[in-house]
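# Per-entry structural report
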Amino acid sequence: EIYTLSLHDALPISRVADLHARYRQPILVEQYVDGRELYVSLLGNGDAVTALPMHEVDFSAMPAGAPHIVTYDGKWDPASQEYKGTRSIKAEVEAAVAERCAAAARAAFFALELSDYARIDLRLAADGTPHVIDVNPNCDLSDGAGVCRAASFGGLAYPDLIDRVVAAAMSRHERAKTNVVRDRAAASTRAAVRAPSASGHPTAAASRSRAAASAPD
C-alpha cells in the first residue's frame, strides 16, 4: 500500500515509526522527483534489446495542487479525479534525451536480468537526468495497453508486436538449449580426461592432453 504524506516536506522519523506500527511491515520512503513521467518499452534480449518510442503521462488536467503521480485510482477508477486528470500521450523529446532514457531503461533491464520484453517507468528531472521509478517485467501486453501504444508510435501493428515478443522468447530458448548441450559436452570431456583407465593408468586421451599441455611452443 502506498501512503502519501507530503511530496515537499521532510518525513519525520516519528511518522515512519507510526506507519511501521500501523502496517507492521517495512516502510519504503522515496524521494519525489518533480518532472515528466516517461515510459520506455523494450523488446528483445542481449545486444538486440531495442527501445520503442516513449509515451508519457499528461497531468495537465489534474486538479490544481494535486500531486503529479499515478495513483491506484488514477489507473483503475474511471470516476476518480486522478483518472480523469491523466492521459497517456506520445513523448516528444530531443534525441539526446530519448537516448539517455533508453540507456537508463536498458541498464535496469539488464541489472534485473529481464528477458523478451518489459516496460521501464522513468521520471525526467529538471536537469535532464532520467530516474527509474518502476520496472515492469511482465507488463500488460493487451491490445491498447502501454506497450501496444508505444509500438503503434513506431509503426508496429499489434500482431507484429506479439510476433516480436514470441520471436525473442524462442530465440532465447534456442540459445539456452545450445548452451546446455555445449556445457554437457565440455563436462564429459573433462571427466574423460580426469578418469583413470581400468589398469590404474591415465587414459590415452588424458595422456595426449597432458603431452600437449607440456609440449614446448
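These notes cover the structure that comes with them. (Residues numbered from 1 in each chain as written. Predicted model: local features only at pLDDT ≥ 70, side-chain atom pairs only at ≥ 80, totals over all residues. Heavy atoms only, no water.)

## Describing the pairing of strand 3 (residues 55-58)
As paired elements, strand 1 (residues 36-43) and strand 3 share 2 bridges and run antiparallel to each other. Bridge pairing in strand 3 links Leu-38 to Glu-56. (Pairing = 2+ DSSP bridges. Helix = DSSP H or I, 4+ residues; strand = E, 2+ residues; numbered from the N terminus.)

## Considerations on the nonpolar core
Ranked by size, the top nonpolar core spans 16 residues in total, and within it Leu-38, Val-40, Leu-42, Met-54, Cys-101, Phe-109 and Ile-120 carry the most contacts. Those elements giving two or more residues to this core turn out to be strand 1, helix 4 (95-111) and strand 5 (117-124). Element by element, the count of residues in this core is highest for helix 4, at 5 residues. Not counting the four nearest positions on each side in its chain, Leu-38 is found in contact with Met-54, His-55, Glu-56, Ala-91, Cys-101, Ile-120, Asp-121, Leu-122 and Leu-124. (Core = buried A, V, L, I, M, F, W, Y, C linked by side-chain atoms within 4.5 Å. Buried < 20%, exposed > 50% of the residue type's maximum accessible area, 1.4 Å probe, protein only. Contact = heavy atoms within 4.5 Å.)

## Comments concerning unusual backbone geometry
With phi around 55°, Arg-24 is a residue other than glycine that occupies positive phi space. Structurally, Arg-24 is set in the loop between helix 1 (13-23) and strand 1. In this model, Asp-116 sits at a positive phi of 75°, which is unusual for a non-glycine residue. Following the sequence through the fold, Asp-116 ends up in the loop between helix 4 and strand 5.

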